[in-house]
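Summary of the model geometry
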Amino acid sequence: MKNRNIKSCVALLAAFALGGCDILDVNNPNSLVEEDIRSEAAAAAVVNGALTLVSSSVSQSWQPYLVASDEMRWIGSRDAWLSLDLGFVSDPLNEFIDGPFPAMGQGRWMSDEAIEILTEHQANNPSTAIKTDLARAYLYSGIMYMVIGEIQEDFAFSDKTESGAPIGPDNMYQVLDGAIERFSTAISGFNEVGATDMALQAKALRARARQSRAIWDVINPSPSGDGLVSSAEAGADASDVLANVSPDWTYDLTFSSASRSNSMASWVNDRKENQIDLSIATVDDQNDINGIALQDPIDGVDDPAVIKWLNQWKGGSYLDKGGIYPPLTLASARMMHLILAENALKGMDSSAFATHINHIRALDGLTPYDGQISEMEMLQHTRRVNLLLQGLRLADMYRWGLTDPKWQGASAASSQPGTMLPISIIEIRANCHLNGLGCGG
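The text that follows walks through the structure, step by step, so that each part is easy to find. (Residues numbered from 1 in each chain as written. Predicted model: local features only at pLDDT ≥ 70, side-chain atom pairs only at ≥ 80, totals over all residues. Heavy atoms only, no water.)

1. Looking at the overall build of the chain
Heads up, the condition is: Secondary structure follows DSSP: runs of H or I at least 4 residues long count as helices, runs of E at least 2 residues long count as strands, and numbering of each begins at the N terminus. Only protein chains enter the accessibility calculation, which uses a 1.4 Å probe. A residue is then buried if its area is under 20% of the maximum for its type, exposed if over 50%, and partly exposed in between. In this description, contact between two residues means that some pair of their heavy atoms is separated by no more than 4.5 Å. Working definition of accessibility: Shrake-Rupley area with a 1.4 Å probe, residue cover restricted to the visible protein chains. Charged residues are defined here as Lys and Arg on the positive side and Asp and Glu on the negative side; His and the ends of the chain fall outside this count. Every charge is mapped to an atom, namely NZ of Lys, CZ of Arg, CG of Asp or CD of Glu.
For the chain, the count of helices and strands is 17 helices and 6 strands. For the chain, the C-alpha atoms occupy an extent of roughly 70 × 50 × 45 Å along the three principal directions. Taking all 441 residues of the chain together, 56% fall into the buried category. Restricting to contacts in the chain with at least 6 residues of sequence separation, those with at least 24 account for 73%. Summing over all exposed atoms, the chain offers an accessible surface of approximately 17200 Å²; the carbon and sulfur share of this is 49%. Where the 31 positive side-chain charges of the chain centre and where its 55 negative ones centre are 2 Å apart.

2. Re the nonpolar core
Stated precisely, the cut-off is as follows: Here, the term nonpolar core denotes a set of buried Ala, Val, Leu, Ile, Met, Phe, Trp, Tyr and Cys residues that are joined through side-chain atoms within 4.5 Å.
Counting residues in hydrophobic clusters, the biggest one holds 130 residues, and the most contacted among them are Ile143 and Leu310. For this core, the leading source of residues is helix H6 (residues 128–151), giving 14 residues. Setting aside residues up to four positions removed in sequence, isoleucine 143 forms contacts with Val54, Val58, Phe183, Leu205, Tyr251, Leu253 and Leu330.

3. Regarding the packing of aromatic side chains
Geometry of an aromatic ring pair is reported as the spacing of the ring centres plus the angle between the planes. Under the convention used in this document: Aromatic pairing here means that ring centres of Phe, Tyr or Trp (its six-membered ring) are within 6.5 Å. Orientation follows from the plane angle: under 30 degrees is stacked, over 60 is edge-to-face, and everything else is tilted. A ring is scored as having a charge over it whenever the NZ atom of a lysine or the CZ atom of an arginine sits within 6 Å of its centre and within 35 degrees of its normal.
Throughout the structure, instances matching the rule amount to 9 aromatic pairs. Here tryptophan 81 and phenylalanine 96 contribute two aromatic rings whose centre-to-centre distance is 4.1 Å and whose plane-to-plane angle is 5 degrees, an arrangement assigned as stacked. Note that tryptophan 81 is positioned in helix H3 (residues 79–85) and phenylalanine 96 in helix H4 (residues 95–98), a separation of 15 residues in sequence. You can call tryptophan 81 buried: its relative accessible area is 1%. Centre to centre, the rings of tyrosine 398 and tryptophan 407 are 6.2 Å apart; their planes meet at 40 degrees, and the pair counts as tilted. For tryptophan 407, a relative accessible area of 9% corresponds to the buried category. By way of ring pairs, the aromatic residues Phe101, Tyr145, Phe155 and Phe157 are connected into one cluster. Stacked on the ring of tyrosine 145, the Lys or Arg arginine 182 has its end atom at 3.7 Å from the ring centre.

4. Quick look at the packing of helix H8 (residues 196–219) against helix H9 (residues 232–242)
For any two helices packed against each other, one specifies the inter-axial angle together with the distance between the axes. What counts is decided by this rule: Simply put, an axis is a line fit to the C-alpha atoms, just over the touching stretch for a helix, and the angle between two N-to-C directions goes from 0 to 180 degrees. Note on angle classes: values under 35 degrees are labelled roughly parallel, values over 145 roughly antiparallel, values of 65 to 115 roughly perpendicular, and the remainder oblique. The hand of a helix crossing depends on one turn: near helix anticlockwise from the far one by less than a right angle means left-handed, and clockwise means right-handed.
Close contact between H8 and H9 brings their axes to 8 Å; oriented N to C, the two are set at 150 degrees. In terms of orientation, H8 and H9 fall into the roughly antiparallel class. Remark: the crossing between H8 and H9 carries left-handed chirality. Contacts between H8 and H9 involve Leu200, Lys203, Ala204, Arg206, Ala207, Arg210 and Gln211 from the first element and Glu233, Ala234, Asp237, Ala238, Asp240 and Val241 from the second.

5. A short note on empty space enclosed by the protein
To keep it simple, the criterion reads: Buriedness for pockets is judged along seven lines, at least five of which must meet protein on both sides within 12 Å for an open set on the 1 Å grid over protein atoms alone, while cavities are sets there where a 1.4 Å probe fits but cannot get out, and lining residues have an atom within 4 Å of a point. Grid points are joined across faces, edges and corners, and a volume is the space filled by probe spheres set on the points. Polar here means any residue other than Ala, Val, Leu, Ile, Met, Phe, Trp, Tyr, Cys and Pro, which are nonpolar, and Asp, Glu, Lys and Arg, which are charged; Gly is therefore polar.
One pass over the structure, following the stated rule, counts 6 cavities of 30 Å³ or more. The calculated volume of the largest cavity comes to roughly 160 Å³. Along the walls of the largest cavity sit 18 residues, with Gly149, Glu150, Trp216, Ile219 and Met420 positioned nearest its centre. Residue assignment for the lining of the largest cavity shows that the elements contributing at least two residues are H6 and H8. For the lining of the largest cavity, the element with the highest residue contribution is H8, accounting for 4 residues. Within the lining of the largest cavity, the residues separate by chemical class into 10 nonpolar, 6 polar and 2 charged.

6. Looking at the environment of serine 424
Applicable threshold: Identification of polar contacts relies on pairs of N or O atoms within 3.5 Å, with a donor-acceptor requirement for protein atoms, meaning one able to donate a hydrogen and the other able to accept it, and with residues adjacent in sequence counted only if both atoms are side-chain atoms.
Relative to the helices and strands, serine 424 is located in the loop between helix H16 (412–415) and helix H17 (425–430). Taking C-alpha positions, serine 424 is 4.9 Å from aspartate 98, a pair spaced 326 residues apart along the chain. Contact partners of serine 424, with chain neighbours within four places excluded, come to Pro92, Ile97, Asp98 and Phe101. Among the polar contacts made by the side chain of serine 424, one reaches the side chain of aspartate 98 at a distance of 2.7 Å.

7. Re the side chain of asparagine 262
Within the element layout of this structure, asparagine 262 appears in the loop between strand E2 (250–253) and helix H10 (263–270). Each residue touching asparagine 262, except ones within four places of it in the same chain, is listed here: Ser59, Phe255, Trp313, Ile324, Pro326, Pro327 and Leu328.

8. Structural notes on the state of the cysteines
Should the sulfur atoms of two cysteines be covalently bonded, the bond is a disulfide. Here is the rule: Two cysteine sulfurs form a disulfide in these notes if their separation is within 2.5 Å.
Taken as a whole, this structure holds 1 disulfide when the rule is applied. Across the disulfide from cysteine 432 sits cysteine 439; the S-S distance is 1.8 Å. Around the S-S axis, the bridge from cysteine 432 to cysteine 439 shows a dihedral of about 100 degrees and counts as right-handed.

9. Brief notes about helix H12 (residues 333–346)
For clarity, the threshold we go by: Multiplying 1.5 Å by the helix residue count minus one yields the expected span of that helix.
With 14 residues, H12 should reach 20 Å at 1.5 Å per residue; the first-to-last C-alpha distance of 20 Å fits that figure. Of all 14 residues in H12, 13 are buried; the element is thus mostly enclosed. Backbone geometry just after H12 places methionine 348 at a positive phi near 60 degrees.

10. Digging into H9
Definition in use: What the arc covers is the set of directions going from the helix axis to the C-beta atoms.
If you check which residues of H9 are buried, you get Ala234, Gly235, Asp237, Ala238 and Val241. In an axial view of H9, the angular spread of the buried residues amounts to 160 degrees, which keeps them on one side of the axis. Residues of H9 that are buried sit in contact with H8 and H12.

11. What to know about the pattern of salt bridges
Keep this limit in mind: When a carboxyl oxygen of Asp or Glu is within 4 Å of a side-chain nitrogen of Lys or Arg, the pair counts as a salt bridge.
Taken as a whole and judged by the stated rule, the model has 31 salt bridges. Close ionic contact of arginine 136 with aspartate 133 constitutes a salt bridge, the shortest N to O distance being 2.9 Å. With a gap of 3 residues between them, arginine 136 and aspartate 133 both fall in helix H6, about one helical turn apart. Each member of the pair, arginine 136 together with aspartate 133, is buried. Across the pair aspartate 226 and lysine 346 runs a salt bridge, and its minimum N-O distance is 3.6 Å. Taken together, the residues span a long stretch of sequence, with aspartate 226 in the loop between H8 and H9 and lysine 346 in helix H12 at a distance of 120 residues. The exposure class assigned to aspartate 226 is partly exposed, which follows from its relative accessible area of 40%. Members of the salt-bridge network, linked through shared partners, are Arg38, Glu113, Glu116 and Glu120.

As structure tokens, this is what we get:
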């Protein structure tokens, strides 16, 4: 990650830290340096800034991943999006793989930096406020590691101008392990200060990360078996979350004019370079959504979960144009039920499987599942519609041998299922471990 990217992190965080000051009191705003964000007074601002960078990265990084899946499709003029839509996910020169990579590096670096800064503050002043902010820093760093582990084929943990060696595709599970560790620390920190709601948020994210870790195992080095996974630890987290949240609870990354826009929404809702896949929604001559294509397999109606998430995506109604600030859902009660349903199916417990599937169906007023279709079909459909636009679809396609009709035979998605997004060219050219120039001297 280039030093100029870290400077942009510092500049953003300085803006958070000084947001309540009279700018006329600053003789030269450009004189702000990294040390200015390391004071205890800036602690909350550092963590808030890390969250902004992490949220921005997720909104950028999910889009190429989702366009490569059957959740989104290319409709515009930029051929690099078309390449992703055709399944070519492994090209480091693709501008829409390359473009989000610096933001991912910034979010990763700054969230870890926030942990370092807040750990130092806690050692000097173990106040409730500092402990809470440190737990938040671990939460946001965990989100960044989780997303990297879910969508990246490889990653390099560089530090400012110091190049980090790539971790290697065979070792990417360690990034998900790092996410789980961060969420665990966040849970402990929140519980210590009595922030039980935030502890539950971290626990829901840990449940997702633990299941993603199990999914990583079944698609690497290539998909194997029936694709089903079971994680007792993810299930325990999911059960605890469900016992303490409302029936249709969600944990979302939010965007606003006061922070940053949702980059993916800008490309889809505003620029109309990409659109929801035609297997999910129908469109008019202007490529605006005008209906729901994906039907519930039992009731034969427009799937209510698709409507729910598209309404959120468009800011109220899926028939609207939509804006550039919709939230992105990272965890939900529905996701927790899906984790438990899959655990049950893997363990051949049909009763428990139906129970959790029907909790979800009841939220949408649908007929209970009672063997009308196979359990595998029910799980696959229920995951597809209830995890829509949540950064998990491509892994599900790989583990169950599902293909997008648009994928070309020569593409990595088709010929090497399990392939995720590569380290992009901007990092390859800057990183001495990758550019062939060596790191000596």
